[in-house]
Amino acid sequence: MTIRWYPGHMGKALEKMSEAIRKIDVVIEVLDARLPSSSSNHQLQEIRRNKPCIKVLNKNDLADPIVTKAWVRNFEEESGVHALPLSAKQLSETKQLIKLCQRLAPNRGRPGWPLRAMVFGIPNVGKSTLINTLAGKGLAKVGDKPAITTCAQKIDLHNGIILSDTPGLLWPDMSDQEVAYRLATSGAIGASALDYTCVGLFAAEFMMRRYPQLLEERYKFSEMPETPTALLETIGRRLGCLVSGGGIDIHRAAEAFLRELRAGKIGRVSLEEPGDVADVSEDVILEGESAQV
Ligand SMILES: Nc1nc2c(ncn2[C@@H]2O[C@H](COP(=O)(O)OP(=O)(O)OP(=O)(O)O)[C@@H](O)[C@H]2O)c(=O)[nH]1
Ligand SMILES: [Mg+2]
């Protein structure tokens, strides 16, 4: 199944952000540390102009630490870019972001001369959570599904810094379905735009190839199932995703598996490494398509 998700508010928000960025001193792009390349929106890169940019690799607590180190090295090679892995819920980690903003805009952050930073990124990467942690209160709405924030909002941290929270934005074409499936696996795509069986099979194939030991530890297999479908069936049986008569409800099994993976219950997992290309064969996506008919 082809994944495409571009709700109406996203195009309008991009235009407004493109205008608002003129009066911004530092841009904070929030990426998902589990998929730092796929979670980077090229349209946001275009509107940022030459503003100093910090790339926050958020949800670091869920990502594979070795892979995250490789990503940070990779980003730091880009000129004018600073990469910072963190967990938005951890105040001590988010404080480093403030220091970095102050370093990048040393003439700002004084009374009457605030440092203005825009926080942008794709949906569900933790932009509003990060702002709330820094503000010390829940001023921005957060939620465990994409497109929670639909309007920009300015939040004064009362330390000389004003942050703009913005709606998570994707791009209209989604021609790279490999990227779309990684985004869907992470939880950045609205549930209405995806088929859980297809995405679950994609994620199952990936996990069997990259993190078989984590699957074995979590689900206590005596033997690794041979195919992604067999893996979802085994997990479905373990988690009680059954239809009447005792068969496996593959759709519910896929949904439950994705829920566990996204919450970090299977372990710390990165969905891509620097230099990854065409990692999962189209066959897996097609297999999912036929599984639903
Ligand atoms: N494990 C973990 N979860 C996080 C972290 N940051 C945010 N979350 C969770 O991710 C989900 C999305 O967080 P939000 O702050 O609403 O994300 P957002 O980027 O503002 O999303 P939109 O407004 O939809 O664009 C929530 O369930 C948060 O609790 C983190 O560092 N680690
Ligand atoms: Mg938000």
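Just so we're clear, the structure is a prediction, and the values are computed from it rather than from any experiment.

Conventions and cut-offs
Residues numbered from 1 in each chain as written. Chains lettered and ligands numbered in written order. Predicted model: local features only at pLDDT ≥ 70, side-chain atom pairs only at ≥ 80, totals over all residues. Helix = DSSP H or I, 4+ residues; strand = E, 2+ residues; numbered from the N terminus. Rg over C-alpha atoms; globule rule 2.2 N^0.38 Å. Contact = placed C-beta atoms within 7 Å. Axes fitted to C-alpha atoms, helices over the stretch in contact; angles between N-to-C directions. Parallel < 35°, antiparallel > 145°, perpendicular 65-115°, else oblique. Domains from an automatic or database assignment. Nonpolar A, V, L, I, M, F, W, Y, C, P; charged D, E, K, R; others polar. Core = buried A, V, L, I, M, F, W, Y, C linked by C-beta atoms within 7 Å. Buried ≥ 20, exposed ≤ 12 C-beta atoms within 10 Å, placed from the backbone. Pairing = 2+ DSSP bridges. Near = placed C-beta within 6 Å.

As a further point, take the overall build of the chain. Scanning the chain from N- to C-terminus turns up 11 helices and 6 strands. Against the globule reference of 19 Å for 293 residues, the chain gives a C-alpha radius of gyration of 20 Å, in line with a compact fold. Dimensions of the chain, computed from the C-alpha atoms along their principal axes, are close to 70 × 35 × 35 Å. Partitioning the intrachain contacts of the chain with sequence separation of at least 6 by distance along the chain shows that 71% fall at a separation of at least 24.

What follows covers the packing of helix α7 (residues 196-210) against helix α9 (residues 228-238). Working note: a packed helix pair is described by the angle between its axes plus the distance between those axes. At their nearest, the axes of α7 and α9 sit 8 Å apart, and the two run at 100 degrees to each other. Of the possible angle classes, the one that applies to α7 and α9 is roughly perpendicular. Facing G200, L201, A204, E205 and M208 of α7, the residues of α9 in contact are P228, T229, L231 and L232.

The subject of this paragraph is the domain arrangement of the chain. If you check the domain split of the chain, you get domain 1 (8-165) and domain 2 (195-292). Considered class by class, the residues forming the side of domain 1 that touches domain 2 number 7 nonpolar, 4 polar and 3 charged.

Across soluble globular proteins, nonpolar side chains have a tendency to be buried as a group. Among the nonpolar cores identified, the biggest contains 72 residues, and I28, A117, V199 and F257 are the most heavily contacted of them. At 9 residues, the largest contribution of residues to this core is made by α7. Counting only domains with at least three residues in this core, you end up with domain 1 (8-165) and domain 2 (195-292). Excluding its chain neighbours within four sequence positions, the residues that come into contact with A117 are I24, D25, V26, I28, C101, I161 and L163.

The next point concerns the sheet that holds strand β6 (residues 161-165). Spatially, 6 strands are ordered β3-β2-β1-β4-β6-β5 in an open sheet, and the strand pairing comes out mixed. At either end of the open sheet lies a strand with only one pairing partner, and these are β3 (81-85) and β5 (153-156). Going across the sheet, the axis of each strand differs from the next one's by a mean of 25 degrees, ignoring polarity. The sheet strands contacting helix α4 (residues 91-104) are β1 (26-32), β2 (53-58), β3, β4 (115-121) and β6, and the helix crosses β3 at an angle near 170 degrees.

Turning our attention to the site of ligand 1. Around ligand 1 there are 23 residues in total, and G126, S128, T129, T149 and G168 lie nearest to it. When residues in the shell around ligand 1 are grouped by element, the largest group, 3 residues, is from helix α5 (residues 127-135). Taken together, the residues of the shell around ligand 1 sort by class into 9 nonpolar, 9 polar and 5 charged.

Let us now look at unusual backbone geometry. Residues other than glycine seldom take positive phi values, yet A147 does so here, at roughly 65 degrees. Inspection of the secondary structure assignment puts A147 in the loop between α5 and β5. The backbone phi angle of M174 is positive, close to 50 degrees, even though this residue is not glycine. Considering the arrangement of structural elements, one finds M174 in the loop between β6 and α6 (177-186). Overall, M174 belongs to the partly exposed group, with 17 C-beta atoms counted inside 10 Å.

This part takes up the packing of α4 against α5. Close contact between α4 and α5 brings their axes to 10 Å; oriented N to C, the two are set at 90 degrees. With respect to α5, the element α4 is oriented roughly perpendicular. Contacts from L91, T94 and I98 in α4 reach L130, T133 and L134 in α5.

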